[in-house]
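Understanding the architecture of this molecule
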Amino acid sequence: MLPVDGFGFWEGRELGKVNHRMDPEVSAVRLTILEAVHILSSSEDGGRIFCTLESLKRYFGETENPALPEEQEEFARIHFSTFLRFLVGKLSPDWLELLPDGQMEELWASFFLEGPADQAFLVLMESIEGAASPSFRLMKMVQLLARFLSVGRMAAVMEGQCRQQAGPAFPLLQETLLTKVVGLPDRLGNRLQRENLATFFPQNYFPLLGEEVLRVLQVVVDSLRGGLDCSVSFLSQVLGKACVHGRQKEVLGVLVPRLTVLTQGSCLWQRVCWCLVERVPNWAMEAVLKGFVEAAPGPEVLSRLLGNLVTKNKKAQFVMTRKLLFLQYSCTMPMLQSLLGYLAMDSQRRSLLMQAGPTTHQVLKELLETWGSSSAIRHVPLVQQRYVSKAILICLAHLGEAELQDSRDELLASLMEGVKSRLDSSLPPVRRLGMIVAEVASARIHPEGPPLKFQYEEDELTREMLALAMPRPAADGPSEAGPSFALVSGETPDRETVDCSGPQAGPEGSDSELDSDDEFVPYDMSVDRERRSSKAPSYVRGCLEALTGSEDWERWEAALWALEGLIFRSPAATQEVSVELAKVLLHLEEKTAVAGFDGLRQRALVAVTVTDPAPVAEYLTTQFYALNYSLRQRMDILDVLTLAAQELSRPGRLGKAPQRGSPDPGSQPGGAVVPAWRAVVEERIKRKTRRFSKGSAGQAPAVGPNEFNLVAGYFFFPLLQHFDRPLVTFDLLGDDQLVLGRLAHTLGALMYLAVNTMVAMPMGKALLEFVWALRFHGDAYVRRGLLSAVSAVLLSVPTEQLLADLLDELLEARSWLGDVAEKDPDEDCRLLAVKALLLLEKLRDKLLPLSSP
């Protein structure tokens, strides 16, 4: 009776099929393998096992006495995978030591490295994913897989699929191979964890995969030259899936430079490359095309690699003419120049970009419509407006003289409509963009007319946009494209200017300083902004009406700028509508491109909370656990409560409310306040007066009652009431752990700000109970908030009350803190625990009865 040893499935199913289908000559392969399995399973003679395995290698066709072709085909198609699984089952230290010097392991590995590559790869992956971890067998299989990759067998895997065009298709096998080839780093990383090899890291594996794809493409080209049919569909799927996984740079960073050289003088290579991208599945087309646009050094190279793909594939046309230009604006300038240059280089593609008869067409037309839309100017981010502006100038650079003549009037009308809307904008960057485009575009469209000039500060952005509109030749070679792209290879850099040409200051107290009247410092206008219109409301109620019901966006924006100052100047009027105003601000959304919108909204919310703390805090804490709020709004509530409590607890604040808002509708929000004439005179007198001795110039620290004392409970206790009650869209103990961590930090901050108040002790007791309930939370950010809260309790509650009322809680907290300081995996948590323990150590003399845990 033949031993099974993991071979029962093969013997019972696979070989059973052969009995009905194979003739006696071919079925001899089955008998040979069964005899070999019997020997390998029962014998412990290393020499006999070695001879048996060597005899089976004749079915690979590479020995002196190879098997017949039909026998090799039967072995590869029916028996090889199952025999490999049998060999995996035999792998053990004792079995490999039956022959010296690693001969047995080398012979065992040769079946994986010399047999059909696709089956060997699948068995390797299957064995690794199914092996016990950690184990001798697992590590041997991992090492063999690394060797499999290093000797180029992945190219053989893909080459086998490219050669199956004439044979029967196996879609399930191809899908399995595709998933495992592209997902190999993730699968090995999840399986091996810290024991993973560097070969399988994504940053190492995907460049290797790109090299293997190139090797297979070379085989395909050689086969086509020899008259043999091949298919690149599997390679297209591998490329598409790798790019969808976000590995465009690793794969295309290897492919594109080599294909750029190979396609330069070979029409066959160009055709193969076009087929490669044309057969990319639609679900991966966007990722692949974006990767090619990013990796290609210029439009000429992109044209050689993609051909007329955009005219053949609707998804590719949508990506190249719509998504990368209108729905996204992440392309760098070289990418944008490559994309638009690619569309302009060929007559078929040019119709998608430029003109068809007397009217503008497709991309340029839609760019001009977007540019001229007053709604887009108000609602589209400035970065995207610049992006569209640069795209228009690049398109103008690709227009020929005849095309300019045919559509000059229409181009000017569309451009000037957008320029007029931008010059009417209240935002200086938007107006400046309109000026730049008007100058550059008019010079390109009407080169013979008088130049249009505006007054604005010239910088890197201006020079970049001027360079974009320079006329380009119809086809740029690689050598010509290089310098032009290097000129605008990145976005406008941040620059610092140091003025070293001014006069050097003389020694202090010199006569030149005393007698000179030329030391007037120029007024700093770097932070100036345009004066607001007179539409800013003068009262709090006016701001409330403007923010809720006004369709005048300039009035809406002016009300937002003026609101904070009006709240502090009119506390009585604010208290009448405080809760309603807080509700409006909490739900306020940005309707125009307001610079610093989030900061203006937050400061106004803080101002109304400080002005009328009890009802507003009660409203905000209630809304924190209400339905239909986003996580961003809930975290905004926590931020506002913390900032308002900080302002209320500031010493000496009473009667000195900050005037951070706009004093009048024509003020300059965010700008520097001009000092009064008296302050200027006093400063000059101070600088010109010699003093032989000076007393203490320091001011006494501000003192006064802690206003937070009376309202701390409204801020603090409602936040603790419902943290353990999940809502339909809000679960602090579930997925919303980020908000839970922010809540813990907020409670700690409120606790600290309540120092020396009457409510500090009950707040500390409630906070310690909250900490104790969540002390084993799995998220490090939440644990940091809990540890900070413990320190806040120790700093805020008087020592006598700690000993009298919180003794049991301190004992529990001390034990927990000791564990965290020693065992917590997060370094910040350990550091915070140590700080809290040091605070407890200061109470050591009074806590002597409490021995160390």
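Residues numbered from 1 in each chain as written. Predicted model: local features only at pLDDT ≥ 70, side-chain atom pairs only at ≥ 80, totals over all residues. Heavy atoms only, no water.

Let's shift gears to the overall build of the protein. Check the secondary structure of the protein and you find 44 helices and two strands. Residues counted as buried form 47% of the 853 residues belonging to the protein. Counted over contacts in the protein with a minimum sequence separation of 6, partners at least 24 positions apart contribute 75%. (Helix = DSSP H or I, 4+ residues; strand = E, 2+ residues; numbered from the N terminus. Buried < 20%, exposed > 50% of the residue type's maximum accessible area, 1.4 Å probe, protein only. Contact = heavy atoms within 4.5 Å.)

Once that is clear, we can look at helix H25 (residues 401-423). If you check H25, its first and last C-alpha atoms are just 29 Å apart, much less than what 23 residues at 1.5 Å a residue would give, namely 33 Å. Listed as buried for H25 are Glu403, Leu404, Ser407, Arg408, Leu411, Ser414, Leu415, Gly418, Val419 and Arg422. (Expected span 1.5 Å × (residues − 1).)

Going through the model one piece at a time under the given rule, you end up with 29 salt bridges. A salt bridge links glutamate 129 to arginine 187, with the shortest nitrogen-to-oxygen separation between them at 2.9 Å. On the criterion of sequence distance, the pair formed by glutamate 129 in helix H7 (residues 117-130) and arginine 187 in helix H11 (residues 184-192) is long-range, its members being 58 residues apart. Residues participating in the shared-partner salt-bridge network are Arg601, Arg632, Asp636, Asp639 and Arg742. (Salt bridge = Lys/Arg side-chain N within 4 Å of Asp/Glu carboxyl O.)

Across the protein, pLDDT averages 79, with 80% of residues at or above 70. Of the regions scoring below 50 in pLDDT, residues 474-519 engages in 44 contacts with residues more than four places distant in sequence or in other chains. Low pLDDT (under 50) marks residues 655-675, which in the prediction has 37 contacts with non-local residues, meaning those over four places away or in another chain. (pLDDT = per-residue confidence, 0-100.)

Before going further, it helps to spend a moment on the packing of aromatic side chains. Counted under the stated rule, the structure contains 17 aromatic pairs. Ring centres of phenylalanine 83 and phenylalanine 111 lie 5.6 Å apart, and the angle between their planes is 55°; on these two criteria the pair is classed as tilted. Note that phenylalanine 83 is positioned in helix H4 (residues 69-90) and phenylalanine 111 in helix H6 (residues 103-114), a separation of 28 residues in sequence. On the accessibility criterion, phenylalanine 83 (0% relative accessible area) is buried. For phenylalanine 111, a relative accessible area of 0% gives the class buried. (Phe/Tyr/Trp six-rings, centres within 6.5 Å; stacked < 30°, edge-to-face > 60°.)

On to the environment of asparagine 196, then. Among the secondary structure elements, asparagine 196 is positioned in the loop between H11 and helix H12 (202-225). Distance in space between the C-alpha atoms of asparagine 196 and methionine 139 is 9.8 Å, their sequence separation being 57 residues.

Glancing now at the side chain of serine 236. Inspection of the secondary structure puts serine 236 in helix H13 (residues 233-244). Residue class for serine 236 comes out buried when judged on its relative accessible area of 0%. Those residues within four positions of serine 236 in sequence are excluded, and the remaining contacts are Cys275, Leu276, Arg279, Val280 and Pro281.

Turning to helix H30 (residues 540-549), its buried residues are Val540, Gly542, Cys543, Leu544, Ala546 and Leu547. Where H30 is buried, its residues contact helix H31 (553-569), helix H32 (571-576) and helix H33 (578-586).

Turning next to unusual backbone geometry. Excluding glycine, a negative phi dihedral is what most residues carry, and trans is how most peptide bonds are arranged. One non-glycine residue with positive phi stands out, namely glutamine 193, at about 55°. By secondary structure assignment, the location of glutamine 193 is in the loop between H11 and H12. Even without glycine at this site, asparagine 628 takes up a positive phi of about 65°. Since its relative accessible area comes to 72%, asparagine 628 is described here as exposed.

On to the environment of glutamate 769, then. Positionally, glutamate 769 belongs in helix H40 (residues 760-773). As a C-alpha pair, glutamate 769 and glutamate 809 span 40 residues in sequence and 7.9 Å in three-dimensional space.

To continue, consider the state of the cysteines. Applying the stated criterion across every chain, the model contains zero disulfides. Free of any disulfide, cysteine 162 has its nearest cysteine sulfur in cysteine 230, 6.7 Å distant. Residue cysteine 162 is classed as buried on the basis of its relative accessible area of 1%. A relative accessible area of 14% means that cysteine 230 is categorised as buried. (Disulfide = S-S within 2.5 Å.)

Put simply, helix H16 (residues 282-295) and helix H17 (residues 299-306) touch, their axes get as near as 9 Å, and they point 145° apart. The chirality of how H16 crosses H17 is right-handed. Contacts between H16 and H17 pair Leu289, Phe292 and Val293 from the former with Leu302, Leu305 and Leu306 from the latter. Broken down by class, the residue content of the contact of H16 with H17 amounts to six nonpolar, no polar and no charged. (Axes fitted to C-alpha atoms, helices over the stretch in contact; angles between N-to-C directions. Left-handed = near helix turned anticlockwise from the far one by under 90°. Nonpolar A, V, L, I, M, F, W, Y, C, P; charged D, E, K, R; others polar.)

Along the chain, glycine 307 turns up in the loop between H17 and helix H18 (309-312). The class of glycine 307 is buried, set by a relative accessible area of 4%. With 32 residues separating them along the chain, glycine 307 and cysteine 275 place their C-alpha atoms 9.5 Å apart. Dropping the residues within four chain positions of it, glycine 307 is found in contact with Trp274, Leu302, Tyr342 and Arg349.

What follows concerns the packing of helix H36 (residues 631-648) against helix H38 (residues 708-721). Their axes nearest at 10 Å, the elements H36 and H38 cross at an angle of 165°. The angle between H36 and H38 falls in the class roughly antiparallel. For H36 against H38, the interelement crossing comes out left-handed. Between H36 and H38, the residues in contact are Leu638, Leu641, Ala644, Ala645 and Leu648 and Phe708, Val711, Phe715 and Leu719, respectively. (Parallel < 35°, antiparallel > 145°, perpendicular 65-115°, else oblique.)

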